[in-house]
Amino acid sequence: MRAPQHPTDDVRPGDAGRASPPAARPGLMLALATVGFAVNFWAWALLSPLGPRFKEILELSSFEQSLLVAVPVVVGSLGRIPVGALTDRFGGRVMFPLVSAATVVPVLYLGLSGHSSLWGLLAGGFFLGIGGTSFAVGVPFVGAWYPPERRGFAIGLFGAGMGGTAISALTTVRLVDAHSTAFPFLVTAGALAAYAVLSFALLRDAPGRAVPTEPLTRRLAATARLGVTWQASALYAVTFGGYVAFSVYLPTYLKTGYGLDQTDAANRMAGFVLLAVAMRPVGGWLSDRIGPVRVLAVSLAVVVAGAAVQAAAPPLMPVGTIAFLAMAAALGAGSGATFALVALLTPANQVGSVTGVVGAAGGLGGFVPPLLMGTLYGAYGSYAIGLALLSVIAAAALAFTLTRVRKDAARAAGETPPSD
């Protein structure tokens, strides 16, 4: 008997008793996965809004503050590699509850005692990175529920769960001011625990999901040999990495560079995040219709222009705000298009492994800029060099997209590759 090509094919009557009717499954699974991604990203981003406060209370340097918010990013990024491979093997049905439950521990530690010293914050932040690995669970889980022609939009919609960082930005400082430093951590731990139970009860892997049988090391080696792994990694390091960098460092940038207070800076960061989140499924939807290469090209061109404008330190209103919002929209759409490219070029049984590597590259792309920006500001009293570097790197990614990536995407679509 052949395996179903997508969840609505070849469903037998006996399957209906195992879960909800097949037609309702993909939407429910997508919704549950998106909620899980958002809750885990909410936890992953808890330290960023409190960075300026910890800097003042613990008398941290600019570099130490940058390190504090960057540690969860790098751990969550590198952790996506094994978590993605494990998701290929065990499925999101197992991995979503496991990752969510594991993230509860560092969240409680940070709320109850870890926030009183730099080393406690760094230790808690290290394990807080577990929440950031949830992305590598959701992409293969969601992708397996949808046919190729709808996969870009579905994965893009799942990616909107990165708006969990906006929940953190909008609520963390307010909850600390209204209650205590521990309170937002306790609330988040409760949300994680509730989701772990809910996902364990309701999540189901797609019928006919491709399950690899090779050992983990062999699968990772095979992933490394795929061209799409490194192409998408480079692009995601710029698109999603840029989003992560701004989402964790923008409050500090606005407070230091423009003199905004902590609440105003956090609110503006939340606006940046929400626009990027809204544009991610739009990027996936457009990729399903006009192709991911075109979406990536336009997105990267906007980032080149926006970063170049902001490097000149214009007034925040209106020029700076327009530049940042344009970059938010472009980075969100580009992130969605990158995983539409992954869905187009990756074998079905390797999506999780490729997602893990690409997701790690995106997270690492967000790890370096905050440290670099803090170091450059400490040395020169200006963020101009860091923003100029972003413009140059985005320009290089644009050139790469229009050459090598464009050729490989054309071959995958059965078209004649463009000539140089």
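What comes next is a walk through the structure. (Residues numbered from 1 in each chain as written. Predicted model: local features only at pLDDT ≥ 70, side-chain atom pairs only at ≥ 80, totals over all residues. Heavy atoms only, no water.)

**With respect to the overall build of the protein chain**
Secondary structure summary: the protein chain contains 17 helices and zero strands in total. The proportion of buried residues among the 420 residues of the protein chain is 56%. Of the roughly 16200 Å² that the protein chain leaves accessible, carbon and sulfur atoms contribute 68%. Across the protein chain, the mean location of the 26 positive side-chain charges is 6 Å away from that of the 17 negative side-chain charges. (Helix = DSSP H or I, 4+ residues; strand = E, 2+ residues; numbered from the N terminus. Buried < 20%, exposed > 50% of the residue type's maximum accessible area, 1.4 Å probe, protein only. Areas by Shrake-Rupley, 256 points an atom, 1.4 Å probe, with all protein chains shown as cover. Lys, Arg positive; Asp, Glu negative; His and termini not counted. Charge placed at Lys NZ, Arg CZ, Asp CG, Glu CD.)

**A closer look at the environment of Ala101**
With respect to the helices, strands and loops of the structure, Ala101 is situated in helix α5 (residues 92-112). You can call Ala101 partly exposed: its relative accessible area is 38%. Separated by 27 residues in sequence, Ala101 and Val74 have C-alpha atoms that sit 20 Å apart.

**With respect to helix α14 (residues 292-311)**
For α14, spanning 20 residues, the distance from its first C-alpha to its last is 28 Å, which sits close to the expected 28 Å at 1.5 Å a residue. Taken as a whole, α14 has its buried residues at Pro292, Val293, Val295, Leu296, Ala297, Ser299, Leu300, Val303, Gly306, Ala307, Gln310 and Ala311. Among the residues trailing α14, Ala313 stands out with phi positive, at a value near 55 degrees. (Expected span 1.5 Å × (residues − 1).)

**Things to note about the nonpolar core**
A general trend in soluble globular proteins is that nonpolar side chains are found buried together. With 112 residues, the main nonpolar core has Phe158, Tyr243, Phe246 and Tyr253 as its most contacted residues. Ranked by residues supplied to this core, first place goes to helix α12 (residues 227-258) with 14 residues. If near-sequence neighbours (up to four positions away) are discounted, Phe246 is found in contact with Pro251, Met269, Phe272, Phe324, Met327, Leu331, Leu387 and Leu390. (Core = buried A, V, L, I, M, F, W, Y, C linked by side-chain atoms within 4.5 Å. Contact = heavy atoms within 4.5 Å.)

**Comments concerning the packing of aromatic side chains**
Overall, the coordinates contain 20 aromatic pairs when judged by the stated rule. Between Phe135 and Phe158, the aromatic rings sit 6.2 Å apart at their centres with planes inclined by 25 degrees, giving stacked as the arrangement. Of this pair, Phe135 sits in helix α7 (residues 134-143) while Phe158 sits in helix α8 (residues 148-159), and the two are 23 residues apart along the sequence. Like Phe135, the residue Phe158 is buried in the burial classification. For the pair Phe135 and Phe240, a centre-to-centre distance of 6.3 Å together with 10 degrees between the ring planes defines the contact as stacked. Note that Phe135 is positioned in helix α7 and Phe240 in helix α12, a separation of 105 residues in sequence. Neither Phe135 nor Phe240 differs from the other in exposure class; each is buried. The structure contains a cluster of three or more aromatic residues connected by ring pairs, namely Phe37, Phe41, Trp44, Phe135, Phe158, Tyr236, Phe240, Tyr243 and Phe339. (Phe/Tyr/Trp six-rings, centres within 6.5 Å; stacked < 30°, edge-to-face > 60°.)

**Concerning unusual backbone geometry**
Following Met317, the chain continues to Pro318 via a peptide bond in cis, the omega torsion being 0 degrees. Inspection of the secondary structure assignment puts Pro318 in helix α15 (residues 316-345). One non-glycine residue with positive phi stands out, namely Ala313, at about 55 degrees. Its location among the elements puts Ala313 in the loop between α14 and α15. Ala313 sits in the exposed class, given a relative accessible area of 57%.

**A short note on the side chain of Thr338**
Mapped onto the fold, Thr338 is located in helix α15. A residue is classified by how much of its surface remains accessible, and Thr338, at 0% relative accessible area, is buried. If near-sequence neighbours (up to four positions away) are discounted, Thr338 is found in contact with Ala232, Leu235, Tyr236, Thr239 and Leu296.

**A word on a nonpolar patch on the surface**
There is a patch of nonpolar side chains on the surface, built from Val368, Leu372, Tyr380, Ile385, Leu389 and Ile393 and spanning about 560 Å² of accessible area. Breaking the nonpolar patch down by element, the ones donating at least two residues are α16 (351-380) and α17 (384-412). Examined against the element boundaries, Tyr380 turns out to sit in helix α16. (Patch = residues over 30% accessible without salt bridge, like charges linked within 9 Å, V, L, I, M, F, W, Y side chains within 5 Å. Salt bridge = Lys/Arg side-chain N within 4 Å of Asp/Glu carboxyl O.)

**A few points about the environment of Val392**
Relative to the elements of secondary structure, Val392 occurs in helix α17. Separated by 84 residues in the primary sequence, Val392 and Ala308 place their C-alpha atoms 8.6 Å from one another.

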